[in-house]
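Geometric and topological summary
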Amino acid sequence: MAPQTQIREVIVIGGGMGALTAALYTARASLKPLVVSGKGLDQLSLTSEVENYPGFANGIMGPELVKNAKEQAKRFGAEFVGEDVIGIKSAKGGFEVSTLKNNFLGRTIIIATGASARKLGIPGEEKFFGKGVSTCAVCDAALFKDKATVVVGGGDSAMEESLALSKFAKNVTIVHRKNEFRASTIMQDRVLQLKDKISVIWDTEVIEVFGDRFVKGVRIRNLKKGSVSELSADGMFLAIGHIPNTLFLKGFIDLDDAGYIKVAGVKTSVDGVFAAGDVMDPRYRQAVTSAGTGCMAALEAEWWVERMKAGGKF
Ligand code: NDP
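As the structure is a computational prediction, the values presented were derived from the model and not from experiment.

Attention now moves to the domain arrangement of the protein chain. Taken domain by domain, the protein chain comprises domain 1 (7-116 + 242-310) and domain 2 (119-238). On a C-alpha basis, the centroid separation for the pair domain 1 and domain 2 is 32 Å. Counting residues at the interface gives 4 residues for domain 1, matched by 4 residues for domain 2. Here domain 1 packs against domain 2, burying approximately 270 Å² in sum over the two surfaces, 59% of which is carbon and sulfur. Inspection of the region where domain 1 meets domain 2 yields 0 salt bridges. Across the contact surface, domain 1 and domain 2 share 0 residue pairs in polar contact (both at pLDDT 80 or more). Here the residues of the side of domain 1 that touches domain 2 sort into 1 nonpolar, 2 polar and 1 charged.

Quick look at the structure:
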């Protein structure tokens, strides 16, 4: 496929708060950004109420926050394309960003493709995905009214998912591979206080999900004794961390061992390519930090374009 002849000043890849903030800032700087993002939903769009985004005293629904940010970027001239990016390479005067349908040209690139929920890779997990297996209790909890549910994981997400489920489900069983949680004390306490609703099975892993049309239960193995047993459940919620969406970047820019983009501030290993949000941040992973790094990447991109122009590079 021949590349498009039009070269954009900025291409932003991604659809979450990092990408949308980068789009807003570069649009307001009259750089007319093209925002390319695939069908996968960003994490905020999979969340219900966001209570910790400054400026919304009574909270705001995640999807609404994202929709507003997109409208705001559009108002200043950002253009959106709904296609998955499959690769980037250097090209004359900038970079070529490829999707299955198009090859877009950009002088500078901002990557904000986020991270996706990690899966266990066990039998039944894919088969029952959306039929009882979920990576977002906050989104799906209401579907499990008076049902038995299992949450896998021991971090803050697992606590958050368990609390969300406890409002609807008959019971929540947390299955954790260690004998202690890594979640913050405050989150653990909230969970452990709800003894009548939430119980914990320690030192145990889920090795299979089974059912007919929908999930009927999980097979679990005690890691200390090796004993295998079954647990009846209508739903299994995975809260075992995230994997950065960087597969399409392999060989193009430097990634760390976990696949996150290596950055100095928001600068990647390739001059003229910047990164923002969860794709470069395994630590903070907040909507507001994504917005912050999205802003930083946009300013760097703007200054980079100005420098290149002033230096007669394009
Ligand atoms: P974490 O990496 O903190 O926790 C992942 C959990 O999943 C760990 O308990 C880990 O076990 C377990 N796990 C990982 N892989 C597997 C596997 N293959 N099988 C079984 N268990 C597995 O991820 P979170 O998503 O919970 O949190 C990420 C970051 O986001 C953290 O910094 C957290 O503090 C933050 N966060 C904050 C919230 C809040 O404050 N409200 C809410 C949600 C997240 P092990 O402990 O054995 O390694």
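That was the structure; now back to the text.
This paragraph deals with the site of the ligand. Taken together, 17 residues lie near the ligand, and D156, S157, R177, K178 and R182 sit nearest. For the ligand, an oxygen atom lies 2.5 Å from a polar atom in the side chain of D156. Contact between the ligand and R285: an oxygen atom at 3.4 Å from a side-chain N or O atom of the residue. In isolation the ligand exposes 910 Å². Once the protein is present, 74% of that is buried. In terms of residue count, helix α4 (residues 156-166) provides more of the shell around the ligand than any other element does, 3 residues in total. For the shell around the ligand, a count of residues per class yields 4 nonpolar, 6 polar and 7 charged.

By size, the foremost hydrophobic cluster in this structure holds 45 residues, and its most contacted members are I13, I88, I109, I111 and I261. Among the elements of the structure, β1 (7-13), α1 (17-28), β2 (34-36), β6 (85-91), β7 (94-99), β8 (103-111), β19 (273-275) and α6 (287-310) are those that each provide at least two residues to this core. Leave out the neighbours within four places in its chain, and I13 touches A19, V36, V85, I88, V97, I109, I110, I111, A112, T113 and F248. By size, the runner-up hydrophobic cluster in this structure holds 18 residues, among which are L165, V172, A183 and F237.

Among the 5 residues that make up strand β11 (residues 148-152), 5 are buried, leaving the element largely enclosed by the rest of the structure. With burial as the criterion, each face of β11 is covered, one bearing A148, V150 and V152 and the other bearing T149 and V151. The sheet contact formed by β11 and strand β12 (residues 171-175) spans 5 bridges and is parallel. The residue of β12 that forms the bridge with A148 is N171.

If you trace the 5 strands from one edge of the open sheet to the other, you get β10-β17-β11-β12-β13, paired in parallel fashion. Each edge of the open sheet carries a strand with a single partner, namely β10 (133-134) and β13 (198-201). With 4 bridges connecting them, β11 and strand β17 (residues 235-238) associate as parallel partners. Note that in β17 the partner of V150 across the bridge is M236. Strand contacts of α4: β11, β12, β13 and β17, with the helix running at about 170° to β11, the strand carrying the most contacts.

Residue position: V175 is located in strand β12. The exposure class assigned to V175 is buried, which follows from its relative accessible area of 1%. Taking the C-alpha atoms as reference, V175 lies 28 Å from A287; in sequence the two are 112 residues apart. Not counting the four nearest positions on each side in its chain, V175 is found in contact with V150, V151, V152, G153, I201, T204, E205, V206, I220 and L231.

The rules we used
- Residues numbered from 1 in each chain as written.
- Predicted model: local features only at pLDDT ≥ 70, side-chain atom pairs only at ≥ 80, totals over all residues.
- Heavy atoms only, no water.
- Domains from an automatic or database assignment.
- Contact = heavy atoms within 4.5 Å.
- Buried area = accessible area lost by both parts, 1.4 Å probe.
- Salt bridge = Lys/Arg side-chain N within 4 Å of Asp/Glu carboxyl O.
- Polar contact = N/O pair within 3.5 Å; in protein donor to acceptor, adjacent residues only side chain to side chain.
- Nonpolar A, V, L, I, M, F, W, Y, C, P; charged D, E, K, R; others polar.
- Near = heavy atom within 4 Å.
- Areas by Shrake-Rupley, 256 points an atom, 1.4 Å probe, with all protein chains shown as cover.
- Helix = DSSP H or I, 4+ residues; strand = E, 2+ residues; numbered from the N terminus.
- Core = buried A, V, L, I, M, F, W, Y, C linked by side-chain atoms within 4.5 Å.
- Buried < 20%, exposed > 50% of the residue type's maximum accessible area, 1.4 Å probe, protein only.
- Pairing = 2+ DSSP bridges.
- Axes fitted to C-alpha atoms, helices over the stretch in contact; angles between N-to-C directions.

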